[in-house]
Amino acid sequence: MQFYVNDRPVETGDASKKLLPFLREDLGLTGTKDGCSEGACGTCMVLVDGEARRACTLSLSRLQGKRVLTIEGLSPREREVYAECFAEAGAVQCGFCTPGMVISAKALLDRNPNPTAAEVKAAIAGNLCRCTGYKKIEEAVLNCGRYFRENLSIPPGETGASLDRRFKRVDAAEKTLGLGKYCDDLRIENMVHARALRSRYPRARINRIDTSRAARHPDCIRILTAADVPCNKIGHLVQDWDVMIAEGDITRYIGDALALAVSRRRESLAEILALIEVDYTELKPVTSAAAALEAGAPLIHPGGNIMRRERLTRGNADEAIRQAKYTVTRRYVTPFNDHAFMECECAVALPEGEGLRLYTGGQSVYDEQREVALMLKVPRERIRVTSMLVGGGFGGKEDMSVQHHAALAAWKTGLPVKVKFSRQESLNCHTKRHAMDMEFTTACDENGRLTAMKALLVADTGAYASLGGPVLQRACTHAAGPYNFQNIDILGLAVYTNNVVAGAYRGFGVTQSCFAMEGNLNLLAEMAGLSPWEIRYRNAIRPGQVLPNGQIADPNTALAETLEAVKEIYESHPYAGIACAFKNSGKGVGVRDTGRCILSVEGGKIHLRTSAACMGQGIATVCVQMLCHTLDLDPRLVIHEAPDTERTPDSGTSTASRQTLVTGEAVRQAALRLAEALKGAPAEKVLASGDLEGQAFSGEYSPVTDPMGTAKENPVSHVSYSYATQVVILDDKGKVEKVVAAYDVGTPVNLQALEGQIEGGIVMGLGFALTEDFPLKDGVPLATLGTLGLIRAPQAPPIEVILVRHDREKLPLAYGAKGVGELCLIPTSPAAAGAYYRLDGKFRDRLPLRPTFYKDGAPLSPLPTDKVKDGQ
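So, here is what we can say about the structure in this document. By convention here, each chain's residues receive numbers from 1 onward along its written sequence. Totals for whole chains, interfaces and linings use every residue, but because this is a predicted model, local features are given only for residues with pLDDT of at least 70 and side-chain atom pairs only at 80 or more, for both listing and counting. Heavy atoms from the whole structure form the basis of all side-chain values; hydrogens and water molecules are not counted.

1. Topic: the overall build of the protein chain
Point 1. Numbering of helices and strands starts at the N terminus; helices are DSSP runs of H or I of at least 4 residues and strands are runs of E of at least 2. Looking only at helices and strands, the protein chain features 23 helices and 31 strands.
Point 2. The globule rule is 2.2 Å times the number of residues to the power 0.38, and the radius of gyration it is compared with is taken over C-alpha atoms. A compact globule built from 872 residues should have a C-alpha radius of gyration of about 29 Å, and the protein chain, at 27 Å, falls within 12% of that.
Point 3. Across the 872 residues of the protein chain, 65% fall into the buried class.
Point 4. Only heavy atoms enter the contact rule, under which two residues are in contact if any of them lie within 4.5 Å. Contacts in the protein chain between residues at least 24 apart in sequence constitute 80% of all its contacts with a sequence separation of at least 6.
Point 5. Here the protein chain displays about 29,700 Å² of accessible surface, and carbon together with sulfur accounts for 48% of that area. Only protein chains enter the accessibility calculation, which uses a 1.4 Å probe; a residue is then buried when its area is under 20% of its type maximum, exposed when over 50%, and partly exposed in between. Each accessible area is a Shrake-Rupley estimate made with a 1.4 Å probe; only the visible protein chains count as cover when residues are assessed.

2. Looking at unusual backbone geometry
Point 1. The peptide bond linking leucine 847 to proline 848 adopts the cis configuration, its omega dihedral lying at -10°.
Point 2. In this structure, proline 848 sits in the loop between α22 (828–840) and α23 (853–856).
Point 3. Cis rather than trans, the peptide bond between arginine 850 and proline 851 has omega equal to -10°.
Point 4. Here proline 851 is to be found in the loop between α22 and α23.
Point 5. The backbone phi angle of asparagine 190 is positive, close to 65°, even though this residue is not glycine.
Point 6. Its place among the elements puts asparagine 190 in the loop between α6 (172–176) and β6 (192–198).
Point 7. Despite not being glycine, tyrosine 815 has its phi angle at roughly 60°, a positive value.
Point 8. Here tyrosine 815 shows up in the loop between β31 (799–803) and α22.

3. Focus on the nonpolar core
Point 1. Throughout this description, the term nonpolar core refers to a set of buried Ala, Val, Leu, Ile, Met, Phe, Trp, Tyr and Cys residues connected via side-chain atoms within 4.5 Å. In this structure, Phe86, Met453 and Tyr743 are the most contacted members of the largest nonpolar core, which totals 170 residues.
Point 2. Setting aside residues up to four positions removed in sequence, methionine 453 forms contacts with Ala317, Phe440, Thr441, Thr442, Ala479, Ala480, Phe485, Asn487, Ile488, Asp489, Ile490 and Met517.
Point 3. Within the second largest apolar cluster, 61 residues are counted, among which are Leu197, Ala214, Ala347 and Val402.

4. Concerning the packing of helix α15 (residues 510–528) against helix α16 (residues 532–539)
Point 1. All axes are obtained by fitting lines to C-alpha atoms, using only the stretch in contact for helices, and the reported angles, taken between N-to-C directions, cover 0 to 180 degrees. Relative orientation of the contacting elements α15 and α16 amounts to 110°, with a least axis distance of 8 Å. Looking at the two axes, α15 sits roughly perpendicular to α16. The residues of α16 that touch α15, namely those facing Glu518, Leu521, Asn522, Leu524 and Ala525, are Pro532, Ile535 and Arg536.
Point 2. Amino acid classes used here: Ala, Val, Leu, Ile, Met, Phe, Trp, Tyr, Cys and Pro are nonpolar; Asp, Glu, Lys and Arg are charged; the rest, including Gly, are polar. Across the contact of α15 with α16, the residue classes break down as five nonpolar, one polar and two charged. Here the word oblique covers every angle except those under 35 degrees (roughly parallel), over 145 (roughly antiparallel) and from 65 to 115 (roughly perpendicular).

5. Overview of the sheet that holds strand β4 (residues 51–54)
The strands making up a sheet associate through backbone hydrogen bonding, with each pair oriented either parallel or antiparallel.
Point 1. Taken together, the five strands give an open sheet; going across it, the order is β2-β1-β5-β3-β4, and neighbouring strands pair in mixed fashion. Bordering the open sheet on either side are β2 (8–11) and β4, each of which pairs with just one other strand. Going from strand to strand, the sheet's axes swing by 40° on average, the running direction of each strand aside.
Point 2. Along the sheet face, helix α3 (residues 98–111) touches β3 (45–48), β4 and β5 (67–69) and points at about 35° away from the line of β3. A pair of strands counts as paired when DSSP detects no fewer than two bridges linking them.

6. Re the pairing of strand β23 (residues 595–602)
Point 1. Judged by how many residues are buried, β23 sits mostly within the fold: six of eight residues are covered.
Point 2. As paired strands, β23 and strand β26 (residues 696–701) are joined by six bridges and run antiparallel to one another. Considered in β26, the bridge of serine 600 is made with alanine 696.
Point 3. Sheet topology note: the β23/strand β24 (residues 605–609) ladder contains five bridges and is antiparallel. Residue pairing for β24: valine 601 is matched across the bridge by isoleucine 606.

7. Comments concerning the packing of aromatic side chains
Point 1. In this scheme Phe, Tyr and Trp rings, the latter by its six-membered ring, pair at centre separations within 6.5 Å, and the angle between planes marks the pair as stacked below 30 degrees, edge-to-face above 60, and tilted otherwise. Inspection of every chain in the model, using the stated rule, returns 15 aromatic pairs.
Point 2. Measuring from ring centre to ring centre gives 6.4 Å for tryptophan 241 and tyrosine 253, while their planes differ by 75°; the resulting arrangement is edge-to-face. A residue pair is termed long-range when its members are at least 10 positions apart, and tryptophan 241 in strand β10 (residues 241–242) and tyrosine 253 in the loop between β10 and β11 (257–263) qualify at 12 residues.
Point 3. Take tryptophan 241: its relative accessible area is 12%, and that puts it in the buried class.
Point 4. On the numbers, 4.7 Å between centres and 15° between planes, the contact of tryptophan 533 with tyrosine 537 is stacked. Of the two residues, tryptophan 533 and tyrosine 537 both sit in helix α16, four residues apart, roughly one turn of that helix.

8. Observations regarding the environment of valine 546
Point 1. Assignment of secondary structure puts valine 546 in the loop between α16 and α17 (559–571).
Point 2. Along the primary structure valine 546 and leucine 811 are separated by 265 residues, whereas in three dimensions their C-alpha atoms are 18 Å apart.
Point 3. In this structure, valine 546 is in contact with Arg314, Tyr483, Asn484, Phe485, Gln486, Ile541, Gln551, Ile552 and Asn714, ignoring residues within four places of it in sequence.

9. Overview of the pattern of salt bridges
Point 1. Salt bridge, as used here: a side-chain nitrogen of Lys or Arg that lies within 4 Å of a carboxyl oxygen of Asp or Glu. With the rule as written, the count across this model stands at 61 salt bridges.
Point 2. Of the charged contacts in the structure, one is a salt bridge between glutamate 84 and lysine 168, with a shortest N-O distance of 2.7 Å. With a gap of 84 residues between them, glutamate 84 in helix α2 (residues 76–89) and lysine 168 in the loop between α5 (135–150) and α6 connect regions that are remote in the sequence. In this pair, the class of glutamate 84 matches that of lysine 168, namely buried.
Point 3. Note that glutamate 646 is salt-bridged to arginine 384, the shortest N-O span being 3.2 Å. In this pair, glutamate 646 is assigned in the loop between β25 (638–640) and α19 (659–678) and arginine 384 in strand β17 (residues 383–387), connecting sequence segments 262 residues apart.
Point 4. Given a relative accessible area of 56%, glutamate 646 falls into the exposed group.
Point 5. Connected through salt bridges with shared partners, the residues Arg24, Lys33, Asp184, Asp185 and Lys418 form a single ionic network.

10. Focus on the environment of leucine 179
Point 1. Its place among the elements puts leucine 179 in the loop between α6 and β6.
Point 2. Assessed through its relative accessible area of 56%, leucine 179 is described here as exposed.

11. Looking at the state of the cysteines
Point 1. Pairs of cysteine sulfur atoms within 2.5 Å are what we label disulfides. This model, assessed by the stated rule, comprises zero disulfides.
Point 2. Cysteine 131 takes part in no disulfide bond, and the closest cysteine sulfur to it belongs to cysteine 94, at a distance of 3.8 Å.
Point 3. For cysteine 131, a relative accessible area of 5% puts it in the buried group.
Point 4. The thiol of cysteine 597 is not disulfide-bonded; the next cysteine sulfur, from cysteine 623, is found 6.6 Å away.

12. Some points on the sheet that holds β23
Point 1. Pairing in this open sheet of four strands is mixed, and the strands run β25-β24-β23-β26 from one edge to the other. The open sheet has two edge strands with one neighbour each: β25 and β26. The mean inter-strand angle of the sheet, taken between neighbouring strand axes irrespective of direction, is 20°.
Point 2. Along the sheet, α19 contacts β23, β24 and β26; its crossing angle with β26, the most-contacted strand, is approximately 145°.

13. Observations concerning α3
Point 1. For α3, built from 14 residues, the straight-helix expectation of 20 Å at 1.5 Å per residue is met to within 8% by its first-to-last C-alpha distance of 20 Å.
Point 2. By the criterion of burial, α3 is predominantly enclosed, with 12 of the 14 residues buried.
Point 3. All of the buried residues in α3 are Thr98, Pro99, Gly100, Met101, Val102, Ile103, Ser104, Ala105, Lys106, Ala107, Leu108 and Leu109. To estimate the expected span of a helix, count its residues, drop one, and scale the result by 1.5 Å.

14. Structural notes on the packing of helix α18 (residues 619–631) against α19
Point 1. α19 packs onto α18 with a crossing angle of 35° between their chain directions and a minimal axis gap of 9 Å. Note that α18 runs across α19; the crossing there is right-handed. Here Ile619, Val622, Cys623, Met626, Leu627, Thr630 and Leu631 of α18 come into contact with α19, specifically with Gln659, Thr660, Thr663, Gly664, Val667, Arg668, Ala671, Leu672, Leu674, Ala675 and Leu678.
Point 2. Its residues placed into classes, the contact of α18 with α19 shows 12 nonpolar, five polar and one charged. By definition, any crossing whose near helix is turned counterclockwise from its far helix by less than a right angle is left-handed, and any crossing with a clockwise turn is right-handed.

15. What to know about the pairing of β17
Point 1. Within β17, five of the five residues are buried, which leaves it mostly tucked inside the rest of the structure.
Point 2. Covered by surrounding structure in β17 are Ile383, Val385 and Ser387 together with Arg384 and Thr386, the residues of both alternating faces.
Point 3. Strand direction decides the pairing type here: strand β16 (residues 355–360) and β17, joined by five bridges, are parallel. Bridged to threonine 360 within β17 is serine 387.

16. Brief notes about the environment of glycine 126
Point 1. Mapped onto the secondary structure, glycine 126 falls in the loop between α4 (117–123) and α5.
Point 2. C-alpha of glycine 126 to C-alpha of glycine 100: the two residues are 26 residues apart in sequence and 9.5 Å apart in space.
Point 3. Setting aside its immediate chain neighbours within four residues, glycine 126 contacts Ala40, Cys41, Gly42, Met45, Arg54 and Arg792.

Here you go:
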């Protein structure tokens, strides 16, 4: 076979091989990404004779004489234009999908240099993006066309990076052009590959594991089992997760590992695993929280099936409900959801000195260091963890998935080892959003003033604890919503089952409880003769008032202003739904939570060192802007280092919308110490002089909060909250026509990134509401990436983001910036449910919503607009 790649002739004798591994493994062209190898995601898009094609499905036999162009084959002019326009628009977040987007954009612009927005949507329909919501990508492609048509010059680099402005993220260019390295892009001499054999059944006793035949495979280096693991129990917060299931033990879910094969060639791993013989005794799985709570139910773990119980009470909810004018009690059900980040999990481990070097793509290098050291029973300092670029996370990369197996294999073989999930392994094994079954009772007086609520939340946490405890806490602490009333009684249970593990997921439990609370509010509004907007505005928390959890709202609380910002558009559309939400920044509830930063002067530049993981949310850029704002510094004098346990201080996990506030404040404090050393002189001049060369300046911030159950009258559950109101507008066929979202996020840091986070979160929230599901049958996942129901560009509606600003006092922390990474999607599903209720009068209490235009493919029967009066 002979064909051309980036205008160079290539030959191969393996005609059956797919183009994607040929490009990545044989030619070393790693800018073309492997997101699924199923033809579903588009991260591997290349041009073949000018047409966009998916490299993962294309056999080399079909390329005889053809010309293939990858991201590396762009002309110098194309590279500078795409890098500029994608960065300026804010079209790059995690970046894993971006090279494929650029290739699809090039295919369009080569044949049509002046496309419409609809044509851009159609051109990238084969490319999934989980971060941006597509709007910023579409804007970037349109701007690329303008640059090419008008032969515009690339503007000079930015010399300022203060807050509340547009600023190109620091990693945009390398991600756009496929130059940045993710874990799977690593190539190390003598590197071998490993993969785990997973359980055939969600629940079964492992009688015997016979690896003898597999060990005789010519490519097999070693087969590892539980007997080879120094400490076989690890876990993010609770050490209940088996590295591998031992003979005689019982599996807990379909993703349990039984053995780990190490092979000289990645291609032979499946053959080796197929030779391992496992004798099972299949047992009936426990596949619902209700079944797990039944008397006599099999115990998933020795301590019982209730992993965590949370109780939050204040006032006298029962008495307030008895005396209320109106009460509503409803049951709500939400499903498991997959994060569907574009980069599948991957890790590379290799021996280094007396320990290991581990390259990962997770959400905290220090969490990974801790768990790997625990597994190997070695001091933490012998495990050095370095983060590569992270291709999306959304909470799904907080737990161990492949990191511990790569480390174990490298430890036992003395060789560099790569472990990478296939897309289906990722779907089957990594954590999910908790499925929840909730009963909410909400009460108000004759004027629609909320007086009380009671709730029972039962979360299916699956086979292992993961972060099920904190997720349940957040679901409970936010269950009463961002409203001003005091009588609450909330009971939450996180229950072990034999289903997939549930853990952290963007929204962190609040997504589910908000859906329930906001649904009840719509019904109470009907009873009280109020519009859904009015009942929310009357009850919206305001500065100095007390939240249901007892915390006094601080002066920068602006929920009422978000409602005011959307009032006109809500009331002008008969089929619009509305919902409010709030979300904490930081771990809170008394948990220690520390951000750290070191600024070191090296080579005349400032190295910004923090372990805060960037999964696409842009924390590296936020930190650079915090630093430059404090020192009035040229950003070209700043080098942001990747998280590394040897170089960057522990800044905690990228979770709980905490990094902008907690680590941002640590950067500010470090910058203030550096400012003292500058003694009023311009930073550029002092750096050039060498007077501070080799010096380092540290910053640390730990917010003080109160634990749940404290006796304080007005506890501080979280140091900060962000607030939002969303309006989802339907047309008369039930299709989403537009989403308008108003946000109080304090001081904006980076405007492109902030808008992009919100837009991407809204599209993810629409998926949660309308299209996404993760079905299981007897504990076994049925979904593939292509059947998850992920929203693509043509389905994504127009989105208008309103940033609410006010002149009241802001928190001094991090210049008043607050997190938005999770808040952005929380109100979307209840707003969508409210819109459908106004459309056809049918109250929907389950997700994904049914019936809808999206799930049922047919127009709905709307109520006459004269029946939808006063927003009711």
